[in-house]
Amino acid sequence: MAQPGLPIEALPAWALLNGIAFPHVKVANIEGKGFGVVRDGELKPEVPLMTVPNSLVLNVQTVDEYAKEDKNFKQLLGAVGHHLVLASKTHQAPVGVSNPWTEYIKFLPKTVLVPTLWTEDERLLLRGTSLESAVNAKMTAITAEFDAVREAASSLPIWNDILWPYEDGNSSASLRRWILLDALYRSRVLELPKSGESMVPCIDMINHSTRASAYYDENAKDEVVLLPRPDSSISPGEEVTISYGDAKPAAEMLFSYGFIDPEATVESLVLPLEPFEDDPLAKAKLFAFKDLPKVLVARDKGSSAVSWNSPFAYLMCVNEEDGLDFRVLQDSVGGRQLRVFWREEDVTDRIGDFETLIQNYEISTLIKLRVVTVVQERLQQQLERAQSFADLASLPIGDVDLMRDECRQAASLLRRIETDLLEVVIDDLEKERRMLLADENVVAYLGSMETAESDLVGEEASNEPDDFS
């Protein structure tokens, strides 16, 4: 049975009972956005638009404090870690004491338009975009996390009926709820200046805008306050907005929040990068690099400036002949470490900065040409895939009639943004590649390679028996 919801009209009473003050704003339905916050009354400079007590803020620290009050919850936390920051605190259950979040969760929407909550057919709309693999990986990770938590909690009988109340012979209903909780967390979590990632009731109702009129902060009492921006003016009845991040890619906005901001001033795209299959050092490079290999490309819509960045591409394009070396060294306590050397210098701590490390060597331009070629080919591969799925109407892509318009529109906009960006960056990389090919060091190197190949062909020909026929 689904958890009953509460009408948004009841939110002010809940807020009053729990010490949340918003004297000059109210939560209301915003056309096309769901819930939002609007100005309601006269603003006073010294009075915040909203004030939320620290005791209502939900994060790792408050979960740890809650565990000190409830031995059953402490037992669960010890078994599964902090996976249940939302799940356990927001379930209405006979274990432990009731808390404000058991009621607040009832005001939140029953679904969010993030792709993890799209149907399988709707997720097919993301084919050819950067979210295709990202969403598949996230769904796999959520399912694995759910299974791990359920197994860890299985030895705690008191929690079984609380955490998995929707199971009827299978776990699909509980898994769907777990995915919803993950979506609610990702789409509503705030990065507080002092407390870090936190859930903050009521402030999480505020919508995003690139021209935000307000911002959140923590005051001397550790309360979370919503304040008007000094350079903004909020008219009576006007929506109050905050920024979810000015430089986030369209894919990240859709992945985390369920929408794309068409007014974003920066377009960017992140793609995974695979090492060369025939590189004998590929595994060592991946192990030493530690971060996820990727390519980041961006364009400022105001200036049309294009940029790209891929530290791993530089590591991909250097090898032993250039001066790269991996060594396993033993430390003072008997442990073994993989160390990275460049021209006999230990650069393990600078593994992501080969663009700088190669600058003082005669082969730097040649390596840069290799990197530009690798990045260009990766972007071209992505562009061709995106274009192959551009006309969804002509493709066998599930039951189109059952796909929500919001999902179709979001996927179409994402594909258009990424395709346009890829075309621009690929063109820019081609210009850069041509310039590098004209560099005297590159010309000399390529010329020496052609000479070496010609000599080799000549030697092979001279070793062949004479034909006297």
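Everything numeric here is computed off the predicted structure, so don't read it as measured data.

As a further point, take the sheet that holds strand β11 (residues 294-300). Taken in spatial order, the three strands of this open sheet run β10-β11-β12, and their pairing is antiparallel. Edge strands, defined here as strands with exactly one partner in the open sheet, are β10 (266-272) and β12 (306-309). Taking each pair of neighbouring strands and ignoring which way they run, the sheet shows an average axis angle of 15°. As defined by bridge partners, β11 adjoins β12 across four bridges and the pair is classed as antiparallel. Bridge assignment links Leu-296 to a residue of β12, and that residue is Asn-309.

This part takes up helix α2 (residues 60-69). An α-helical turn contains 3.6 residues, so any two residues separated by three or four positions project in the same direction. Among all positions in α2, only Thr-62, Val-63, Tyr-66 and Ala-67 are buried. All buried residues of α2 fall inside an arc of 150° around its axis, so they share one side. The elements touched by buried residues of α2 are α3 (71-80). The N-cap of α2, judged by a side-chain oxygen 3.2 Å from the amide nitrogen of Gln-61 a few residues on, is Asn-59.

So, about the packing of aromatic side chains. Any pair of aromatic rings gets described here by the distance separating the centres and the angle formed by the planes. Enumeration according to the criterion identifies 11 aromatic pairs in this entry. With a centroid separation of 5.1 Å and 65° between ring planes, the pair formed by Phe-289 and Phe-312 is classed as edge-to-face. With Phe-289 in helix α10 (residues 282-289) and Phe-312 in helix α11 (residues 311-316), this residue pair connects regions lying 23 residues apart in the sequence. Centre to centre, the rings of Trp-342 and Tyr-361 are 5.8 Å apart; their planes meet at 90°, and the pair counts as edge-to-face. Taken as a pair, Trp-342 in strand β14 (residues 336-342) and Tyr-361 in the loop between α12 (354-357) and α13 (364-388) lie far apart in primary sequence, 19 residues in all. An aromatic cluster is present here, built from Trp-14, Trp-101, Tyr-104 and Phe-107 joined pairwise through their rings. The residue whose ring lies beneath Arg-186 is Phe-255, and the NZ or CZ to ring-centre distance is 4.6 Å. Its guanidinium or amino end placed over the ring of Phe-341, Arg-327 lies 4.0 Å from that ring's centre, counting from NZ or CZ.

Rules used in this analysis
- In this convention, every chain numbers its residues from 1, walking through the sequence in written order.
- Residues qualify for local features only when their pLDDT is at least 70, as the model is predicted, and side-chain atom pairs are given and counted only at 80 or more; totals for whole chains, interfaces and linings, by contrast, use all residues.
- Excluding hydrogens and water, the side-chain figures rest on all heavy atoms present in the structure.
- Paired strands, in this sense, are two strands between which DSSP finds at least two bridges.
- Per the convention used, a helix needs a DSSP run of H or I reaching at least four residues, while a strand needs a run of E reaching at least two, with both numbered from the N terminus.
- Note on geometry: axes are C-alpha line fits, over the in-contact stretch for helices, and angles between N-to-C directions span 0 to 180 degrees.
- Residue burial is assigned from relative accessible area. The probe radius is 1.4 Å, only protein chains are included, and a residue is buried under 20% of its type maximum, exposed over 50%, and partly exposed in between.
- Note that the arc is defined by the directions from the helix axis to the C-beta atoms.
- A contact between two residues is defined here by any heavy atoms of the two lying within 4.5 Å.
- We call two N or O atoms a polar contact when they sit within 3.5 Å, provided that within protein one can donate a hydrogen and the other can accept it, with sequence-adjacent residues counted only if both atoms are side-chain atoms.
- Two rings from Phe, Tyr or Trp (for Trp, the six-membered ring) form a pair when their centres are within 6.5 Å of each other. A pair whose planes differ by under 30 degrees is stacked, one over 60 is edge-to-face, and the rest are tilted.
- Two thresholds decide whether a charge sits over a ring: the Lys NZ or Arg CZ must be within 6 Å of the ring centre and within 35 degrees of the ring normal.

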